[in-house]
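# Fold and geometry: a report
Here is how the chains run, residue by residue.
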Amino acid sequence: MKWMIVAADERLMQELQVVLQRNGCDGDSTVQHLEAGSLEEMLARVHALFNAQQKVETDCVEIGEITLQLSRKMVWHAGKSLDLTPKEFVILSRLMLAKGEAVQRDTLLKDIYQWATEPATNTLEVHIHNLREKIGKAYIKTLRGVGYRFIVPGK
């Protein structure tokens, strides 16, 4: 099948094509637009469809031997279920969803305590230490002066 888009608004038609291509459509699907003015609604529905699909795909994150399921708040290491505290789960999920990017210490503090700074305490470091004990020390790398990064050991 080929794309068939009929629209009064060329800009909206181009945006729809970009959205579809960006989300892996190769042009073999059919999209029909028959009424003038309804392309905006169709574009919104296409955006919503792909956003919903992405949310489902990100419910389960697997990096190395660690699997995290956000909806059930469960974590497995090498197939074995881990018992994490709620704060450890939040920290691990933030780090894993960042996909190897640095996560600032302040961001983690906001996630677990709802404030940006925690002067004169090391509770975040304690949570990180406990998390490392449960999943393995090599998975969480400390970035001095920045924060932390989730990595796959040996890569």
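Just so it is clear, the model here is predicted, and its values are computed rather than measured. (Residues numbered from 1 in each chain as written. Predicted model: local features only at pLDDT ≥ 70, side-chain atom pairs only at ≥ 80, totals over all residues. Heavy atoms only, no water.)

### Some details on the overall build of the protein chain
- Each helix and strand in the protein chain was counted, giving five helices and seven strands.
- Written out in order from the N terminus, the α and β elements of the protein chain read α-α-β-β-β-β-α-β-α-α-β-β.
- The buried share among the 155 residues of the protein chain stands at 31%.
- Within the protein chain, counting contacts between residues at least 6 apart in sequence, those at least 24 apart form 50% of the total.
- Accessible surface, the protein chain as shown: approximately 10,000 Å² in total, 52% of it carbon and sulfur. (Helix = DSSP H or I, 4+ residues; strand = E, 2+ residues; numbered from the N terminus. Buried < 20%, exposed > 50% of the residue type's maximum accessible area, 1.4 Å probe, protein only. Contact = heavy atoms within 4.5 Å. Areas by Shrake-Rupley, 256 points an atom, 1.4 Å probe, with all protein chains shown as cover.)

### Some details on the sheet that holds strand β4 (residues 80-82)
- Ordered in space as β1-β2-β3-β4, the four strands form an open sheet in which the pairing is antiparallel. Strands at the two margins of the open sheet, each flanked by one partner only, are β1 (60-63) and β4. On average, adjacent strands in this sheet sit at an angle of 25° to one another, irrespective of strand direction.
- Where β1 and strand β2 (residues 66-69) come together, four bridges link them in antiparallel fashion. (Pairing = 2+ DSSP bridges. Axes fitted to C-alpha atoms, helices over the stretch in contact; angles between N-to-C directions.)

### Brief notes about the side chain of S93
- As for its position among the elements, S93 is in helix α3 (residues 86-97).
- For S93, a relative accessible area of 10% corresponds to the buried category.
- Of note is the side chain of S93, whose polar atom sits 3.0 Å from the backbone oxygen of V90. (Polar contact = N/O pair within 3.5 Å; in protein donor to acceptor, adjacent residues only side chain to side chain.)

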